[in-house]
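What follows is each chain in one-letter form.
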Amino acid sequence: MVTATRLPSNGVLADQLDLLADLSELLGDQGFRVTAYRRAATRIRETPGSVAEMALVGTAKELQGIGKTIEDKIVEAVRDGEMSALRKRREQVPEGLVAFLRLPGLGPKTTARIWHELGVTTLEGLREAAEAERLRTLPGLGARSEEKILEALRKGADGGAPRRTPLGVGLPAVLEAVETLRGHPAAIRVSEAGSVRRRRESFRDLDLIATATDPGALTKAFVQLPLVAEVVAHGDSKATAISGNGLRFDLRVVPPESFGNLLQHFTGSKEHNVALREDAVRRGFSVSEYGVTTVDTGEVFTTGDEEEVYAHLGYQFIPPELRENTGELEAARQGKLPSLVELGDLKGDLHAHSTWSSDGKATLEEMALAARARGYRYLAMTDHSHYLRDGRLELQAAAIAELNGRLAPFRVLHGIEANIRADGGLDVSDAALEGLDWVIASVHTSFDKNPTERILEAVENPHVDCIGHLTGRKLSRREGADVDVERVVERCLATRTVLEIDSQPDRLDLRDVHARLAGEAGLPVCIDSDAHSVGALDYVEYGVAVARRAWLTKEQILNTRTWAQIEKMRG
DNA sequence: GCCGTTTTCGGCCCGACTGTTTTCAGTCG
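Everything quoted here is computed from the prediction, not taken from an experiment. Along each chain, numbering runs from 1 in the same order as the chain's sequence is written. Chain A is the first chain written and ligand 1 is the first ligand written, with later ones labelled in order. Where local features are concerned, this predicted model is filtered to residues with pLDDT of at least 70; where side-chain atom pairs are given and counted, the filter is 80 or more; whole-chain, interface and lining totals use all residues. Working from all heavy atoms in the structure, the side-chain values ignore hydrogens and water.

(A) Quick peek at the protein's contact with DNA strand B. Not every one of the 41 residues close to DNA strand B is listed here, only the nearest: Gly65, Gly67, Gly107, Gly142 and Glu278. Sugar and phosphate atoms form 76% of the subset of DNA strand B atoms that lie within 4 Å of the protein. As used in this structure description, the phrase polar contact means that two N or O atoms lie within 3.5 Å; if the pair is within protein, one of them must be able to donate a hydrogen and the other to accept it, and residues adjacent in sequence are counted only when both atoms belong to side chains. At 2.6 Å, a backbone N or O of Gly67 approaches a phosphate oxygen of DNA strand B. Strands here are runs of E lasting at least two residues and helices are runs of H or I lasting at least four, both read from the DSSP assignment and numbered beginning at the N terminus. Secondary-structure elements contributing two or more residues to the surface near DNA strand B are helix H2 (31–45), helix H4 (68–80), helix H6 (108–118), helix H8 (143–155), helix H13 (270–282) and strand E8 (285–288). Residue contributions to the surface near DNA strand B peak at six residues, all from H13. For this classification, Asp, Glu, Lys and Arg are treated as charged, while Ala, Val, Leu, Ile, Met, Phe, Trp, Tyr, Cys and Pro are nonpolar and the rest, including Gly, are polar. Partitioned by chemical class, the residues of the surface near DNA strand B number 16 nonpolar, 13 polar and twelve charged. Definition of nearness: a residue and a molecule or strand are near each other if at least one heavy atom of the residue lies within 4 Å of the molecule or strand.

(B) Up close: the packing of aromatic side chains. Aromatic rings from Phe, Tyr and Trp, taking only the six-membered ring of Trp, are treated as a pair when their centres fall within 6.5 Å; an angle between ring planes under 30 degrees marks them as stacked, one over 60 as edge-to-face, and anything in between as tilted. One pass over the structure, following the stated rule, counts five aromatic pairs. Between Tyr378 and Trp563, the ring centres sit 6.1 Å apart and the planes meet at 50°, which makes this aromatic pair tilted. Residue Tyr378 is found in strand E12 (residues 378–381), and its partner Trp563 is found in helix H23 (residues 563–570); the two are separated by 185 residues along the sequence. The two residues Tyr378 and Trp563 agree in class, both being buried. Centroid distance Trp438 to Trp563: 6.1 Å. Interplanar angle 80°. Geometry classified as edge-to-face. Of this pair, Trp438 sits in strand E14 (residues 438–442) while Trp563 sits in helix H23, placing them 125 residues apart in sequence. Its guanidinium or amino end placed over the ring of Phe266, Arg252 lies 3.9 Å from that ring's centre, counting from NZ or CZ. Working definition: with a 1.4 Å probe on protein chains only, accessible area under 20% of the residue-type maximum means buried, over 50% means exposed, and in between means partly exposed. For a ring to carry a charge above it, either NZ of a lysine or CZ of an arginine must fall within 6 Å of the ring centroid while also lying within 35 degrees of the normal to the ring plane.

(C) Broad picture of the state of the cysteines. Any two cysteine sulfur atoms within 2.5 Å of one another count as a disulfide. Evaluated as defined, the whole model comprises zero disulfides. Cys526 carries a free sulfur, and the closest cysteine sulfur to it, the one in Cys466, is 3.9 Å from it. Of the residues examined, Cys526 reaches a relative accessible area of 0% and is grouped as buried.

(D) Spotlight on the pairing of E12. Burial along E12 is two-sided: Tyr378 and Ala380 facing one way and Leu379 and Met381 facing the other are all buried. Where strand E11 (residues 348–352) meets E12, three bridges bridge the pair, whose relative direction is parallel. Bridge pairing in E12 places Asp349 opposite Leu379. Viewed with both strands pointing away, a crossover whose connecting path from the first strand over the helix to the second turns clockwise is right-handed. In this view, the connection linking E11 to its parallel neighbour E12 by way of helix H16 (residues 364–373) has right-handed handedness. Here the rule is simple: two strands pair whenever DSSP picks up at least two bridges between them.

(E) Structural context of the sheet that holds strand E15 (residues 466–467). A sheet is described by the order of its strands in space; here seven strands give the open sequence E11-E12-E13-E14-E15-E16-E17, paired in parallel fashion. What marks the edges here is a single partner per strand, and that holds for E11 and strand E17 (525–528). Relative to strand E13 (residues 411–419), E12 runs parallel, the two being bridged by four bridges. Directly across from Ala380, in E13, lies its bridge partner Leu413. In this description, contact between two residues means that some pair of their heavy atoms is separated by no more than 4.5 Å. Angles run from 0 to 180 degrees between N-to-C directions of axes, and those axes are lines fitted to C-alpha atoms, restricted for helices to the stretch in contact. Contacts between H16 and the sheet are confined to E11, E12 and E13, with E12 contributing the most and set at about 150° to the helix.

(F) Layout of the pattern of salt bridges. One speaks of a salt bridge when a side-chain nitrogen belonging to Lys or Arg is within 4 Å of a carboxyl oxygen belonging to Asp or Glu. Tallied over the entire structure, the rule returns 45 salt bridges. Across the pair Asp423 and Arg421 runs a salt bridge whose closest N-O atoms are separated by 3.6 Å. Each of Arg198, Glu324, Arg511, Asp512 and Arg549 takes part in a single network of salt bridges with overlapping partners.

(G) Looking closely at H8. Over its 13 residues, H8 runs 19 Å from end to end, which matches the ideal 18 Å to within 8%, given 1.5 Å per residue. The inward-facing, buried residues of H8 abut helix H7 (123–131). Given the number of residues in a helix, its expected span is that number minus one, multiplied by 1.5 Å.

(H) Structural context of unusual backbone geometry. In the segment running from Ala408 into Pro409, the intervening peptide bond is cis, with an omega of 10°. In this structure, Leu510 follows Asp509 across a cis peptide bond, with omega equal to 5°. Here Leu510 shows up in the loop between strand E16 (498–502) and helix H21 (512–521). Look at Leu508: it is not a glycine, yet its phi comes out positive at around 45°. Along the chain, Leu508 falls in the loop between E16 and H21. Classification of Leu508 by relative accessible area gives buried; the value is 2%. The backbone phi angle of Asp530 is positive, close to 55°, even though this residue is not glycine. Following the sequence through the fold, Asp530 ends up in the loop between E17 and helix H22 (540–549). The class for Asp530 is buried, based on a relative accessible area of 3%.

(I) Region of interest: the sheet that holds strand E9 (residues 291–294). Read across the sheet, three strands follow the order E8-E9-E10 without closing on themselves; strand pairing throughout is antiparallel. Two strands bound the open sheet, and with one partner strand each, they are E8 and strand E10 (299–301). Pairs of neighbouring strands in the sheet enclose a mean axial angle of 20°, with direction left out of account. Pairing analysis gives three bridges linking E9 to E10, with the strands arranged antiparallel. By the bridge assignment for E10, Val292 is matched with Phe301.

(J) Examining the side chain of Asp465 more closely. Tracing the backbone shows Asp465 in the loop between helix H19 (451–460) and E15. For Asp465, a relative accessible area of 11% corresponds to the buried category. Of note is the side chain of Asp465, whose polar atom sits 2.4 Å from the side chain of Arg570.

Right, dumping it as structure tokens:
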């Protein structure tokens, strides 16, 4: 039996297919085959379980975009480390050429011509050819093209392409901008769009879309927002601005009669829109940002309401969070979309810290009062185990009991966040854990040291109720541990242990695809703030976004229940 | 190379922009 850890990861498989696509394109392969490789790569990246494992048992081809041929290629990659088609094409294409494709404006056609007709195969050679004005000898390339290539080379490959920023950095700013613009007298409708509307965990820029009685007045108000530090472009219907903290905002003002079509288009994702349009073509429609055309009659349907775009095409309304072409179109066609969990469904929070942890900013009482003010019925105080030794755990228990005496019926649960040590053991004794209401076990160190085995050991501990921030990732700072999520979910189900979506903006861990995997397996998930201060209780907004992107309903979220219901579930 | 509420063959999203061109190919999102 081959163990899962030896198989190529989904990322490795996807990278191979993307490279295969690049090389095939440079060799002039048929475009649709190239598209198929890229689609398969995207699909594999977004699949939570091991696609290599699926290919070995012949179920990878059940994934949308993967057929028999690509499944065979994946099996080859498992067996030989690399797909044979990839090896073959590597031999035919000079290694340096793929880097050309990363330069803005240079695509496969132009690159192939530079290669074949000028014999240029490295970035350095490309720079020399541009400086010697040899590129302009090719038909279709001129002086301006040489300039652009030189400029791109100076910036370096991918130069100037903004890096992805975590959702938590941009969402408050974009929502504030939306609110402010909505209050402007010229505004009719204003919405965020793009990946931030889908609540993707990170973004490149922040899109806003609006209708107005006076578009010029609204774009002017936009570039004068207090958060704007630099105006990149400013016209009547479009403006781009950079905020003080470097975020890029794009506003488009569009005609009211097609606001719905445009909002749908600019919300994306690209993959969702492409699939939607392909499906529409099969049904005799042509969809663009300007309207839905019935091909037979030429009749164009435009609408101010996005819901009507979906209705016109025969779909249930698809919440933005689901628009990633991962099954939402089929489900919406059949009217089987899940009713997604909402912020207001949460009845409590099962992961929070107080001043009993040295990094906590608020007292137990301050945290409890803030939770109660949010409308919660309970709050689990789960301070770090490290600070609760030498009798302090008992002292904290007494403090919580006293608090509960005053705050009832609100309930402060006495919990702990125990550390999963490098050897897999917990840093708290079973005896100490036994008296607690809620035990979270989390990995905080040695992320690369057998993370799956250590987590599984914690899962098997009968006192552990929840595994905290499963992979330990920090967005844009640290990759998460390479945890075998399927195995963890399987053992969690068997031991009635739950997984949390840690809502800290730089964690969001479980991430969306992992949370979806858990949900599909039937494992309850909790949405926790992991708050270290009163204000951080609000972070659950991000956790709810992750849960929605994971297709999770209220029923699948543990803390949409009362504490009594949770205790009953745990048996 | 994938896929099917017209199809197992013959299709495969749509439009804007750019640079080079007198009508378009390539690239991008």
